[in-house]
Amino acid sequence: MTTFDLAETDRLLTTTRAVRKRLDLEREVPRGIIRECLEISQQAPTGSNRQGWRWMVVTDTAKRAALADLYRRGAGNYLSDGEKQSAAAGKSQDARVFGSAQYLAERLQDVPVHVIPCIRIDHLPENPPPRAWAGLMGSIWPAVWSLQLALRARGLGSALTTLHLAHEKEAAELLGIPETVMQVGLLPVAYTIGTDFQPAKRPPLDTILHWDDWDAAKDG
Ligand SMILES: Cc1cc2nc3c(=O)[nH]c(=O)nc-3n(C[C@H](O)[C@H](O)[C@H](O)COP(=O)(O)O)c2cc1C
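Reading the values: rules and limits
- Per-chain numbering applies: the sequence of each chain, read as written, is numbered from 1 onward.
- At least 70 in pLDDT is required for a residue's local features to be given in this predicted model, at least 80 for side-chain atom pairs to be given and counted, and no such filter applies to totals for whole chains, interfaces and linings, which use all residues.
- Processing note: side-chain calculations cover all non-hydrogen atoms of the structure and skip hydrogens and water entirely.
- By convention in this text, a residue qualifies as near a molecule or strand provided that one of its non-hydrogen atoms is within 4 Å of it.
- Contacts described as polar in this section are N or O atom pairs within 3.5 Å, which, within protein, must combine one atom able to donate a hydrogen with one able to accept it, while residues neighboring in sequence count only if both atoms come from side chains.
- Note on areas: Shrake-Rupley with a 1.4 Å probe; residue coverage comes only from the protein chains shown.
- Three categories are distinguished: nonpolar for Ala, Val, Leu, Ile, Met, Phe, Trp, Tyr, Cys and Pro, charged for Asp, Glu, Lys and Arg, and polar for the others, with Gly belonging to the last.
- Only DSSP runs of H or I reaching four residues or more are called helices, and only runs of E reaching two or more are called strands; each is numbered from the N terminus.
- We call two residues contacting when some pair of their heavy atoms lies within 4.5 Å.
- What makes a nonpolar core is a set of buried Ala, Val, Leu, Ile, Met, Phe, Trp, Tyr and Cys residues whose side-chain atoms join them at distances within 4.5 Å.
- Here's how the labels work: a residue is buried when its accessible area is under 20% of the maximum for its type, exposed when over 50%, partly exposed in between, all with a 1.4 Å probe on protein chains only.
- Paired strands are those between which DSSP finds at least two bridges.

Turning our attention to the site of the ligand. Taken together, Arg17, Ala18, Arg20, Tyr71, Val97, Ala101, Leu160, Thr161, Thr162, Leu163, Ala200 and Arg202 make up all the residues around the ligand. Taking arginine 20, its side chain carries an N or O atom lying 2.8 Å from an oxygen atom of the ligand. Out of a free accessible area of 630 Å², the ligand has 65% covered by protein chains. Across the shell around the ligand, the residue classes break down as seven nonpolar, two polar and three charged.

Put into C-alpha cells, the structure is as follows:
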C-alpha cells in the first residue's frame, strides 16, 4: 500500500513546467498563498540542517519594474539570438523555450509577484571549494522546487530564472538585501491561464543512466 495517490503525485512532478506565456498578469495573487507555499518549502533539506533559506517577495510596482530592467539588461541579446539560432538549427523545443523566455523578459514587470530565493553565505570560507558551493546550492534549490510544486498544486505557475543575477548587487541595493545573503534566482509567480500542462519531451532514460559502471559508449 502506498501513502500517496501516485497518479496525482506523478502528474504534479511531471507537469510542473517553466510557465511564462501562460502567467495570468491580470489576476491578483493573495499574500496567504505565497506564505503557505513558502512554509511548505521549509520542509526541504539543507546541508548541516543549516536552514539558511531567505526569501524576498516583491509585489511593489516600481520595484518589479526595476527588477525587470535589470533582468533585460542581464539578458542582452542572449534570448533573441538563442531563439534564432535554435530555429535555424531545427531545435524546435529550444527555439520555443527561448521565444517564451523572450516573452517573459518583455513582461516581467507585469507579473504580479517576483520571488527571489536567497541563501545565507556568512559561513562560507574564502575561495570556497566545489564542495562548499555544492552544499550551498544544494541547500536552496530543493526548497525552490518545493515552492514551485506547491504553487502548481494551487493553480499558480512560476519559472526559475537567473538572468537578473548579472546585476545582483543592484538588485540587492534596490531591496536592501545584505552582503551576507546571496540571491540565486528570480521566480515570476502568477495564477496560470488554464491548468492543463503536459510532461515535456526528454531523452530516453537509458541515454543518461549508468548502473554500477560508467558506460563510456553513452555521451559523457
Ligand atoms: C539554473 C536555471 C536557470 C534558468 N534561467 C532562466 C532564465 O533566466 N530565464 C528563463 O526564462 N528561464 C530560465 N530557466 C528555465 C529553463 O529555461 C526551463 O527550466 C527549461 O527550459 C525547462 O522548461 P520546462 O520545465 O518547461 O520543460 C532556468 C532554469 C534553470 C534550472
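The next thing to look at is the side chain of serine 158. For serine 158, the position within the fold is in strand β3 (residues 156-158). One polar contact links serine 158 to glutamine 148, side chain to side chain, over a distance of 3.0 Å. Each residue touching serine 158, except ones within four places of it in the same chain, is listed here: Arg17, Ala18, Val19, Leu23, Gln148, Leu151, Leu187, Pro188 and Val189.

A separate point is the nonpolar core. If you look at the biggest cluster of nonpolar residues, it comprises 26 residues, and the most contacted ones within it are Leu67, Leu79 and Leu108. Elements with a minimum of two residues in this core: α3 (61-75), α5 (92-107), β2 (113-120) and α8 (168-175). Sequence-distant contacts of leucine 108, defined by excluding residues within four places in its chain, comprise Ala68, Tyr71, His114, Leu186 and Pro188.

Once that is clear, we can look at the pairing of strand β5 (residues 187-191). Within a regular strand, side chains alternate between the sheet's two faces. Summarising burial for β5: five of the five residues are buried, a large majority. One ladder, built from three bridges, connects β2 with β5; its direction is antiparallel. Following the sheet pairing, valine 113 is matched in β5 by valine 189.

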